[in-house]
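# Observations on the three-dimensional arrangement
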Amino acid sequence: MPTGLVALLDDVAAIAKVAAASIDDISVAAARAGTKSAGVVIDDAAVTPQYVTGFSPARELPMIWKIAKGSIKNKLLFLLPAAVLLGQFAPFLIPIILILGGLFLCYEAAEKVLEWLHVDETTKHTKPAIVEGPGREDEMVSGAIRTDFILSAEIMAIALSEVTDEVWWQQGIILALIGIVITVGVYGVVALIVKMDDVGLHLATENEGFVASFGRGLVAFMPKLLTTISIIGTLAMAWVGGGLLVHNIAAVGWHGPEHLIEVISHPLVGLFPETAQLFASGISFAILSGLLGVAVGAVIAPLVHKIIPHGEAH
């Protein structure tokens, strides 16, 4: 599932060929920038299904459609112009924004890890509460769109950092392509996840033999799939968040974390054959930056929950 989400980002290259004159530059930059956002994309796919839990099956797809439209509006009408203006007139702020985004990702990742380990129950994620009454659907959709805005801002900021060398109109095309492709990919996958248990239930109740068994297996598999996506999303957030901190703290002048990772990883990478050292270096950086991200987030998470009342941090 996460592989499929990341693979969707590679399609940006094909779309960019139609959208811009500088085909090669835009396609390569878009694919690179989109892939950098993979950790946030996976978290978006893992979080969104919670907002349609508890509603009738007939309302699930319409709700997802409303959230998807809100997501496109977030990205194209609000965040895209802001990102292009930032890239043109205040690029020196990009590392600062990415450090803040990295801290948020580290906080999110560590919060989930602390919850799994039962280290601090104040970090425990709670599913969005279903409010009874005629306005409950609108309330849940609005909550999902607000959450999407935060995740979309992170995606656009990460993507912008990868295309700062492009001219402003190319930046706009690349960010628009990434926003559209990610939104279609994420909410297409969310719709598939949300309806898969209904498909399984239909197969189990309307058929016999192998088809019915397959349907029951599908229903039983869906909670495991969501758990797997959540775990992979957490690991990806720790990796991306830690990497953002390391690279952008160095960009503003402090190379301590970057040097620390180099010191630790150098002897480890040296254990591998020369042909595999580049790959080993990338893996070691991902692991060490992820561990750094969780460590930083583990400091932030309990502090946040002392300031923000339990259940309001999301």
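Throughout what follows, the structure given in this document is the object of discussion. (Residues numbered from 1 in each chain as written. Predicted model: local features only at pLDDT ≥ 70, side-chain atom pairs only at ≥ 80, totals over all residues. Heavy atoms only, no water.)

## Some words on the overall build of the chain
Across its full length, the chain carries eleven helices and zero strands. Starting at the N terminus and ending at the C terminus, the chain contains elements arranged as α-α-α-α-α-α-α-α-α-α-α. Burial statistics for the chain: of 314 residues in total, 45% are counted as buried. Contacts spanning at least 24 positions in sequence make up 79% of the contacts within the chain whose residues lie at least 6 apart. For the chain, the accessible area works out to roughly 15,800 Å², and carbon and sulfur atoms hold 70% of it. (Helix = DSSP H or I, 4+ residues; strand = E, 2+ residues; numbered from the N terminus. Buried < 20%, exposed > 50% of the residue type's maximum accessible area, 1.4 Å probe, protein only. Contact = heavy atoms within 4.5 Å. Areas by Shrake-Rupley, 256 points an atom, 1.4 Å probe, with all protein chains shown as cover.)

## Let's talk about the packing of helix H5 (residues 57–89) against helix H8 (residues 168–206)
Running from amino to carboxyl end, H5 crosses H8 at an angle of 160 degrees, the nearest separation of the two axes being 9 Å. The pairing of H5 with H8 is recorded here as roughly antiparallel in orientation. Where H5 crosses over H8, the two elements pack in a sense that is right-handed. Looking at side-chain class alone, the contact of H5 with H8 contains 18 nonpolar, seven polar and four charged residues. (Axes fitted to C-alpha atoms, helices over the stretch in contact; angles between N-to-C directions. Parallel < 35°, antiparallel > 145°, perpendicular 65-115°, else oblique. Left-handed = near helix turned anticlockwise from the far one by under 90°. Nonpolar A, V, L, I, M, F, W, Y, C, P; charged D, E, K, R; others polar.)

## Remarks on the pattern of salt bridges
Side-chain pairs of opposite charge can arise whenever the charged atoms involved come near each other. Per the stated rule, a full pass over the model turns up six salt bridges. Its salt-bridge partner being Asp138, residue Lys66 comes within 4.0 Å of it at the nearest N-O pair. Here the residue Lys66 occupies a position in helix H5, and Asp138 occupies one in helix H7 (residues 136–162), the gap between them amounting to 72 residues. Overall, the relative accessible area of 30% leaves Lys66 in the partly exposed class. For Asp138, a relative accessible area of 46% gives the class partly exposed. Among the charged side chains, a network of salt bridges with common partners joins Arg59, Lys66, Glu137 and Asp138. (Salt bridge = Lys/Arg side-chain N within 4 Å of Asp/Glu carboxyl O.)

## So, the nonpolar core
Core analysis: the largest hydrophobic core is formed by 42 residues, its most contacted members being Ile64, Leu160 and Leu175. Elements with a contribution of two residues or more to this core: H5, helix H6 (94–117), H7, H8 and helix H9 (209–251). At ten residues, the largest contribution of residues to this core is made by H8. Filtering out sequence-adjacent residues up to four positions away, Leu160 remains in contact with Ala83, Leu86, Gly87, Ile94, Gln171 and Leu175. Core analysis: the second largest hydrophobic core is formed by five residues, Val189, Ile193, Met222 and Ile229 among them. (Core = buried A, V, L, I, M, F, W, Y, C linked by side-chain atoms within 4.5 Å.)

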